[in-house]
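# Notes for the structure review
Listed below are the residues making up each chain.
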Amino acid sequence: MSKFAHLGLSSQLTKAIEKSGYDAPTPIQEKVIPIMLKGDDIVAIAQTGTGKTAAFVLPILERLKANQHKAKSKHCTALIIVPTRELAKQIDDNIEKYGANIYH
């Protein structure tokens, strides 16, 4: 079983994570992912390169996958606010990479 699966992520997401070359969650991911999967809010601070993006993107994708049948048009299901276009593009790339097995 994937170490990411122990955090509560589905096999579809864990396969995408492993395909991206990651085999174990970082400390911030271990702390944040289970909390976000429960639907709780979180504020976390960590240095660049510690896996913060995956820490919030993976639970968002998991919750979206679980609630696909409940999605309503013209309703926001997730909102990510970032200060620059470059960061928005990086996050979008991660969403596409990790969500590939779910939505394609």
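This report concerns the structure included in the present document. (Residues numbered from 1 in each chain as written. Predicted model: local features only at pLDDT ≥ 70, side-chain atom pairs only at ≥ 80, totals over all residues. Heavy atoms only, no water.)

Considered for burial, the residues of helix 2 (residues 27–37) that qualify are Ile28, Gln29, Val32, Ile33 and Met36. Down the axis of helix 2, the sector holding all buried residues measures 105 degrees, keeping them to one side. Projecting away from the buried face of helix 2 at angles above 90 degrees are the exposed residues Pro27 and Lys31. Buried positions along helix 2 lie against helix 3 (52–66). Directly beyond the C-terminal end of helix 2, a positive phi value near 95 degrees is found at Gly39. (Buried < 20%, exposed > 50% of the residue type's maximum accessible area, 1.4 Å probe, protein only. Helix = DSSP H or I, 4+ residues; strand = E, 2+ residues; numbered from the N terminus. Arc of directions from axis to C-beta. Contact = heavy atoms within 4.5 Å.)

We now examine the environment of Asp23. Within the secondary structure, Asp23 sits in the loop between helix 1 (11–19) and helix 2. Looking at Asp23, the relative accessible area reads 59%, which means it is exposed. Sequence separation between Asp23 and Lys3 is 20 residues; the distance between their C-alpha atoms is 6.9 Å. Setting aside chain neighbours within four positions, we find Asp23 in contact with Lys3 and Phe4.

As a further point, take the layout of surface pockets. Of the voids in this model, the largest pocket is the one considered here, and its volume is about 1,200 Å³. Surrounding the largest pocket, 47 residues form its lining, Met36, Thr53, Ala55, Phe56 and Ile60 being those nearest its centre. Of the residues forming the lining of the largest pocket, the biggest block, 10 residues, is contributed by helix 3. (1 Å grid on protein atoms, 1.4 Å probe; cavity = no way out; pocket = protein on both sides within 12 Å on 5 of 7 lines; lining within 4 Å. Points joined across faces, edges and corners; volume = space filled by probe spheres on them.)

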